[in-house]
Amino acid sequence: MRILEININSFGKFTNYTLKFENNLTIINEDNSFGKTTIAHFIKAMFFGMKAPKGKGKRLNLPRFKYLPWGKTTYGGSLTFIYKGRTYTVTRTFGESLTNDSIVVKDHARNVNIDELNDTKITRDNFGDIIFGVNSDSFEKLNFIQQLEVLYSTDDKIHDDINLKLRGLFGHTAEDSDYASANNILDDFIKELSPSLQRKNSIYNKTDRELNAINSLVFEAEKAQQLIKENTNELDALRKQKSENDKVKAKLDADLKLITNKKLLEKDLNDYNELLAEETNLNLQIKQNKTIFGDNDIADINLTYLEALSNDLSAKENDFNKFKDKTQAEINTLNVSLSKAESTDVESLVIKRSHKEISEKITKLNADVDLLTSKIKKFTVIDILLSIITLAIYFFVVNSKNNKLKQEIANLNKEISELQQRLQNYEQELVTMAHEDNGTNLKLKIAELTENIKQNQLTFETLKLQVFNVYQKYAVTINSVSDVHVAYFKLKNHYERHLELTKKLNDTKAKLQNYDIERINKDLKVFATLDEEKITDNKNDVDAKNAQLIRTITTLEQQIDANENLASNLENYKLDRDELRETMHNYDMNRTLLEVAQKLLKHANQQLAARYLTPLENNVNDLIKKLKLDGYAVAFDGNSEIKLKDENSTEYYDFAYYSAGSQDTISFLVRIALINLVYQDLKPFMILDDTFVNFDDKKIKLVRPLLEKLAENNQIIYFTCSSSRALT
């Protein structure tokens, strides 16, 4: 696999930047400000994308925000590479979140964009996994070695993804357990199941303490059974004695209550008599208040109906008076016209005057219609936009106003139509009257209007008589329409007064029921025969005896309750004891089995290390020989931890024991060996971002031959800012 070219649209400091890789070994020696790390991150981002922020903290530390370009430019670019003999170009764009990201992969052989690779659907998240077979973190630990991050020992162990992949390559699956963790778990369980003063809270010691506690409870429960029998007999005798004292005390309490409550009894008697007087007074007030209702049942009185009758009669009277005044005014006008001149066409003049007034009114109404029509709001594009912005509130307000104006116009048009009809009628009358005797017509009109007044008055008088008849059932005086209103409010006040008095009467009767007057009189008679001082002395003696009895009884009851709780659980305690004994026995058996399992695990781990870590160990040691690092050798324990020895030692020591330069050198070789094991035939590229900062001059000279050797199979992209580490 090899990268041919990168094209950066905008990424960090780079805009419209192109870099081609002609050879398998590319060394880029530029100043710190050039952007070497930015290019390295761009290459990784083209395959694996960039992580999305989680939460609000440290967003700017993520590459997604660190390399976010300024201005309105396309964040991303493309990378062309050879994979399994075919040429592909991956193009990505990025944003502030994953939803803004995109990916397009082009197959140059077919000149098409592809959706699948290696029978897997391509997404913006899995493209790197499809190509390399490892996730983003594993790729960074293997192929993308940044400055000061070459050190292998900074990881507690090889990344899980690499670990599982290596085990799979050598016949193991993802279910393989981590030896050190498993051994620690077994060791911890063995200690938990062993008696030890160093682990007081181990499950073995806890169970042992529980067993001792249960044994104590069994002893206490058996002892409690005996005490219950002894205490029960004594308690029965004391309760019998207290029961007799209680009877004497009850009689004394009753006598003292009669004496103590003398004033209360007298007050109750006085209150009772006052309530009787109040009851009599209330009955009298109710009787007087009811006189206004006559023989009518108050429950049947409908105040709402009476109020409606009163209001309706007043309205009818008002309507009749208005009609009468208006008609009489018209009659007076006709009489004046008739008296002025018999030859004068009075009615004709009246009609003409009315005709003129109606014509003027029609003209004014038409002007009002035109004015209202001009006020109707027509909707423009601006109004529609304003309605959308205000969620149609503006539309409904204006439309409502328009509808109101239209309704007013309709009402005016209707009135105009009616007035025009009256004009036509007047015009027809004028034509007819030209051939009639005008004086006769005026007299007929006056007679007609007078008759109308009589008919309306008759109708009103009939209604008034009906209403008066309704109120005649009550003790109220009705002589006029205004008397009806007065009568209604008088009836209403008496009705409400009746309800108020009735409630007070019921409350008084309820209070009277609380008094047992016979008992009060009887107790007051008995009171004179009682000696308060003697009764008080006797009661004090009884109370003292009872107090002592209660203390003794309470103590015995508490003892019996406590003993019963223990005794009732005796069988349970015995069962718990047997179970704990069985549990302790199982602990001993399980501890023996776990110790055997621990020995077998150690043996199995040695076999696993031989198959799983030996190839890695051999690979690293072969690279050490190629670099001629005489005396150095590595070994891996069962948990992938590095052990190292040098020419001055015969034993392997912990990796951290050696210098930073030695650690970086061996760590770099371990990563090369891991790449060979993990990727095998893929032969992927490696990005080295000033990896050899801690190498001295002697070791730097050995790096160039090593990289050239590696470049025979793998593409190497090496960034540095120092001429001393430029490998020239």
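The paragraphs below set out a description of the structure included in this document. (Residues numbered from 1 in each chain as written. Predicted model: local features only at pLDDT ≥ 70, side-chain atom pairs only at ≥ 80, totals over all residues. Heavy atoms only, no water.)

1. Comments concerning the overall build of the protein
Piece 1. Secondary structure summary: the protein contains 20 helices and 15 strands in total.
Piece 2. Across the 728 residues in the protein, those meeting the buried criterion constitute 38%.
Piece 3. Taking the intrachain contacts of the protein between residues at least 6 apart in sequence as the baseline, contacts between residues at least 24 apart amount to 69%.
Piece 4. As presented, the protein carries roughly 43,200 Å² of accessible surface, and 50% of it is formed by carbon and sulfur atoms. (Helix = DSSP H or I, 4+ residues; strand = E, 2+ residues; numbered from the N terminus. Buried < 20%, exposed > 50% of the residue type's maximum accessible area, 1.4 Å probe, protein only. Contact = heavy atoms within 4.5 Å. Areas by Shrake-Rupley, 256 points an atom, 1.4 Å probe, with all protein chains shown as cover.)

2. A short note on unusual backbone geometry
Piece 1. Non-glycine residue Lys 84 carries a positive phi angle of around 55°.
Piece 2. Within the secondary structure, Lys 84 sits in the loop between strand 4 (76-83) and strand 5 (86-93).
Piece 3. The exposed category is assigned to Lys 84, whose relative accessible area is 60%.
Piece 4. Residue Asn 111 is not a glycine yet carries a positive backbone phi of 55°.

3. Comments concerning the pairing of strand 2 (residues 14-20)
Piece 1. Where strand 1 (residues 2-11) lies against strand 2, six bridges are found, and the strand directions are antiparallel. Within the sheet, the bridge partner assigned to Ile 6 lies in strand 2 and is Leu 19.
Piece 2. Remark: two residues form the turn of the hairpin made by strand 1 and strand 2, two consecutive strands paired antiparallel; Gly 12 in that turn has positive phi of roughly 65°. (Pairing = 2+ DSSP bridges.)

4. Some details on the packing of aromatic side chains
Piece 1. Applying the stated criterion to the full structure yields 24 aromatic pairs.
Piece 2. With centroids separated by 5.9 Å and ring planes inclined at 75°, the aromatic side chains of Phe 14 and Phe 34 adopt a geometry described as edge-to-face. Remark: Phe 34 occurs in the loop between strand 3 (25-29) and helix 1 (36-48) and Phe 14 occurs in strand 2; sequence separation between them is 20 residues.
Piece 3. The partly exposed category is assigned to Phe 34, whose relative accessible area is 22%.
Piece 4. Ring centres 5.7 Å apart and planes at 35° place the aromatic pair Phe 47 and Phe 685 in the tilted group. You can see Phe 47 sitting in helix 1 and its partner Phe 685 sitting in the loop between helix 19 (660-679) and strand 14 (686-689), a full 638 residues away along the chain. Comparing Phe 47 with Phe 685, the two get one shared label, buried.
Piece 5. Of the aromatic side chains, those joined through ring pairs into one cluster are Phe 47, Phe 48, Phe 81, Tyr 83, Tyr 88, Phe 127, Phe 132, Phe 139, Tyr 679 and Phe 685. (Phe/Tyr/Trp six-rings, centres within 6.5 Å; stacked < 30°, edge-to-face > 60°.)

5. Thoughts on the pattern of salt bridges
Piece 1. If you walk through the whole model with that rule in mind, you get 23 salt bridges.
Piece 2. Residues joined by salt bridges that share partners form a network here, namely Lys 249, Asp 253, Lys 539 and Asp 543. (Salt bridge = Lys/Arg side-chain N within 4 Å of Asp/Glu carboxyl O.)

6. Quick look at helix 16 (residues 532-568)
Piece 1. With 37 residues, helix 16 extends 51 Å between its outermost C-alpha atoms, agreeing within 8% with the 54 Å of an ideal straight helix rising 1.5 Å per residue.
Piece 2. Considered for burial, the residues of helix 16 that qualify are Ile 535, Lys 539, Val 542, Asn 546, Leu 549, Ile 553, Leu 556, Ile 560, Asn 563 and Ala 567. (Expected span 1.5 Å × (residues − 1).)

7. Observations regarding the sheet that holds strand 13 (residues 653-654)
Piece 1. Pairing is antiparallel in the open sheet, where three strands are placed in the order 11-12-13. Each end of this open sheet is capped by a strand with a single partner; those strands are strand 11 (633-636) and strand 13.
Piece 2. Here strand 11 pairs with strand 12 (residues 642-645) via four bridges, running antiparallel. Paired with Ala 635 across the strands is Lys 643, a residue of strand 12.

8. Some details on the sheet that holds strand 15 (residues 716-720)
Sheet strands line up and pair through hydrogen bonds in the backbone, either parallel or antiparallel.
Piece 1. Strand order in the open sheet formed by four strands is 3-15-14-10, and the pairing between neighbours is parallel. The two strands at the open ends of the sheet, each matched to only one other strand, are strand 3 and strand 10 (144-145).
Piece 2. Where strand 10 lies against strand 14, two bridges are found, and the strand directions are parallel. Note that in strand 14 the partner of Phe 144 across the bridge is Ile 687.
Piece 3. Each of strand 3, strand 14 and strand 15 touches helix 20 (residues 697-710); the most contacted strand, strand 3, lies at about 140° to it. (Axes fitted to C-alpha atoms, helices over the stretch in contact; angles between N-to-C directions.)

9. A few points about a negative patch on the surface
Piece 1. Residues Asp 531, Glu 532, Glu 533, Asp 537 and Asp 541 make up a contiguous surface patch of negative charge.
Piece 2. Note on placement: Glu 533 falls in helix 16.
Piece 3. Relative accessible area serves as the criterion here: at 61%, Glu 533 is assigned to the exposed category. (Patch = residues over 30% accessible without salt bridge, like charges linked within 9 Å, V, L, I, M, F, W, Y side chains within 5 Å. Lys, Arg positive; Asp, Glu negative; His and termini not counted. Charge placed at Lys NZ, Arg CZ, Asp CG, Glu CD.)

10. Let's talk about the pairing of strand 12
Piece 1. Here strand 12 shows a clear split, with Ile 642 and Leu 644 buried on one side and none of Lys 643 and Lys 645 buried on the other.
Piece 2. Two strands pair when backbone bridges link them, and strand 12 and strand 13 are joined in this way by two bridges, in the antiparallel orientation. By the bridge assignment, Lys 643 is partnered in strand 13 with Asp 654.

11. Notes on the packing of helix 19 against helix 20
Piece 1. The N-to-C vectors of helix 19 and helix 20 enclose an angle of 5°; their axes lie 13 Å apart at closest approach. With respect to helix 20, the axis of helix 19 lies roughly parallel. Residue-level inspection shows Gly 661, Ser 662, Thr 665, Phe 668, Leu 669 and Ile 672 of helix 19 in contact with helix 20, the latter providing Lys 699, Leu 706, Leu 707 and Leu 710.
Piece 2. Classifying every residue of the contact of helix 19 with helix 20 by side-chain character gives six nonpolar, three polar and one charged. (Parallel < 35°, antiparallel > 145°, perpendicular 65-115°, else oblique. Nonpolar A, V, L, I, M, F, W, Y, C, P; charged D, E, K, R; others polar.)

12. Overview of the environment of Leu 674
Piece 1. Following the sequence through the fold, Leu 674 ends up in helix 19.
Piece 2. As a C-alpha pair, Leu 674 and Leu 142 span 532 residues in sequence and 7.2 Å in three-dimensional space.

13. With respect to the nonpolar core
Piece 1. Counting 83 residues, the largest nonpolar core has Ile 6, Ile 43, Phe 47, Phe 81, Phe 132, Phe 668 and Leu 707 as its most contacted members.
Piece 2. Here the element with the most residues in this core is helix 19; it accounts for 11 residues.
Piece 3. Sequence-distant contacts of Phe 132, defined by excluding residues within four places in its chain, comprise Met 1, Phe 47, Phe 48, Phe 139, Tyr 679, Leu 682, Pro 684 and Phe 685.
Piece 4. Membership of the second largest hydrophobic core comes to 24 residues, among which are Leu 313, Leu 463, Val 470 and Val 481. (Core = buried A, V, L, I, M, F, W, Y, C linked by side-chain atoms within 4.5 Å.)

14. Some thoughts on helix 19
Piece 1. For helix 19, spanning 20 residues, the distance from its first C-alpha to its last is 28 Å, which sits close to the expected 28 Å at 1.5 Å a residue.
Piece 2. With 18 of 20 residues buried, helix 19 lies mostly within the body of the structure.
Piece 3. Gln 680 sits one or two residues past helix 19 and shows a positive phi near 50°.

15. Digging into the environment of Asn 521
Piece 1. Tracing the backbone through its elements, the reader meets Asn 521 in helix 15 (residues 517-527).
Piece 2. Residue Asn 521 is classed as partly exposed on the basis of its relative accessible area, which comes to 33%.
Piece 3. With 256 residues separating them in the primary sequence, Asn 521 and Leu 265 have C-alpha atoms 8.4 Å apart.

16. What about the side chain of Ser 10?
Piece 1. Examined against the element boundaries, Ser 10 turns out to sit in strand 1.
Piece 2. You can call Ser 10 buried: its relative accessible area is 2%.

17. So, the environment of Thr 74
Piece 1. One can find Thr 74 in the loop between helix 2 (63-66) and strand 4.
Piece 2. Of the residues examined, Thr 74 reaches a relative accessible area of 42% and is grouped as partly exposed.
Piece 3. Distance from Thr 74 to Phe 94, taken between C-alpha atoms, is 8.1 Å for residues 20 residues apart in sequence.
Piece 4. Apart from the residues lying within four places of it in its own chain, the contact partners of Thr 74 are Asn 9, Ser 10 and Thr 93.

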